[in-house]
Amino acid sequence: MSDVSDGLKTFISGYAANSADKKFHMPYNRKDLALDLIKVHDDRFSSLGGNKYFACVDMKGTDGKTYDIDFLMAVQPGKLNVTQTSVHKINGKPLYNWKEEKGVWKKVPVS
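Note that this is a predicted model, so its numbers are computed, not measured. (Residues numbered from 1 in each chain as written. Predicted model: local features only at pLDDT ≥ 70, side-chain atom pairs only at ≥ 80, totals over all residues. Heavy atoms only, no water.)

**Quick look at the environment of M59**
- Here M59 lies in strand β4 (residues 52-61).
- For M59, a relative accessible area of 0% translates into the label buried.
- Each C-alpha atom, one on M59 and one on N91, is 10 Å from the other, the two residues being 32 residues apart in sequence.
- Once you skip the residues sitting within four places of it in the chain, M59 turns out to touch I12, F24, L35, D36, L37, I38, K65, T66, Y67 and I69. (Helix = DSSP H or I, 4+ residues; strand = E, 2+ residues; numbered from the N terminus. Buried < 20%, exposed > 50% of the residue type's maximum accessible area, 1.4 Å probe, protein only. Contact = heavy atoms within 4.5 Å.)

Quick look at the structure:
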């Protein structure tokens, strides 16, 4: 898992280094979020089966909010490919939750 964590940190920092403002950018609600990495939650890495993994990352927006971003990745020896990103929480408030069903993690509505 430390290789996955290191690969994700490298992905985020590399993406930010190539942007004009040195931020990690992602779309959310028709806006462009410009984000700085706070923390990769190494304790929340989850295998989704096969070579797919899920990671949770805290990032600070230029709007002052803290965003919990979920990264879905395909991992092969020496290569990490981010396949999806989504905003999971804003300032600690979840927009959806995760539930394990028969060993597979799925997004579920906030109850």
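**What to know about a negative patch on the surface**
- Taken together, the side chains of D3, D6, D42 and D43 make up a negatively charged region of the molecular surface.
- For D3, the location among the structural elements is in helix α1 (residues 2-17).
- For D3, a relative accessible area of 64% translates into the label exposed. (Patch = residues over 30% accessible without salt bridge, like charges linked within 9 Å, V, L, I, M, F, W, Y side chains within 5 Å. Areas by Shrake-Rupley, 256 points an atom, 1.4 Å probe, with all protein chains shown as cover. Salt bridge = Lys/Arg side-chain N within 4 Å of Asp/Glu carboxyl O. Lys, Arg positive; Asp, Glu negative; His and termini not counted. Charge placed at Lys NZ, Arg CZ, Asp CG, Glu CD.)

**Regarding the side chain of H25**
- In this fold, H25 is placed in strand β1 (residues 24-28).
- Given a relative accessible area of 18%, H25 falls into the buried group.
- In this structure the side chain of H25 is engaged in a polar contact, spanning 2.8 Å, whose partner is the side chain of D21. (Polar contact = N/O pair within 3.5 Å; in protein donor to acceptor, adjacent residues only side chain to side chain.)

**Some points on the pattern of salt bridges**
- If you walk through the whole model with that rule in mind, you get two salt bridges.
- Of the charged contacts, one joins K23 and D36 as a salt bridge, the two residues approaching to 2.6 Å between their closest N and O atoms. With a gap of 13 residues between them, K23 in the loop between α1 and β1 and D36 in strand β2 (residues 31-40) connect regions that are remote in the sequence.
- Where E101 meets K106, a salt bridge forms, and the shortest distance between an N and an O atom there is 3.8 Å.
- Classification of E101 as partly exposed rests on a relative accessible area of 33%.

**Here's the deal with the side chain of D68**
- Here D68 shows up in strand β5 (residues 66-76).
- The side chain of D68 sits in the buried core without any salt bridge; K89 is the nearest counter-charge, 4.3 Å away.

**Structural notes on the packing of aromatic side chains**
- Under the criterion given, the structure shown has six aromatic pairs.
- Taken together, a centroid distance of 6.0 Å and an interplanar angle of 75 degrees make the contact between Y96 and W98 edge-to-face.
- Through a chain of ring-to-ring contacts, three or more aromatic side chains come together here, namely F11, Y15, F24 and F71.
- Over the aromatic face of Y96 sits the side chain of K107, whose NZ or CZ is 4.6 Å from the ring centroid. (Phe/Tyr/Trp six-rings, centres within 6.5 Å; stacked < 30°, edge-to-face > 60°. Lys NZ or Arg CZ within 6 Å of the ring centre and 35° of its normal.)

**Notes on the pairing of β2**
- Taken together, the five bridges between β1 and β2 define a ladder with antiparallel strand orientation. Residue pairing for β2: Y28 is matched across the bridge by K31.
- Counting the residues that bridge the hairpin from β1 to β2 gives two residues, and of these N29 lies at a positive phi of roughly 50 degrees.
- Bridge count for β2 against β4 is five bridges, and the pairing is antiparallel. What sits directly across from D36, in β4, is K60. (Pairing = 2+ DSSP bridges.)

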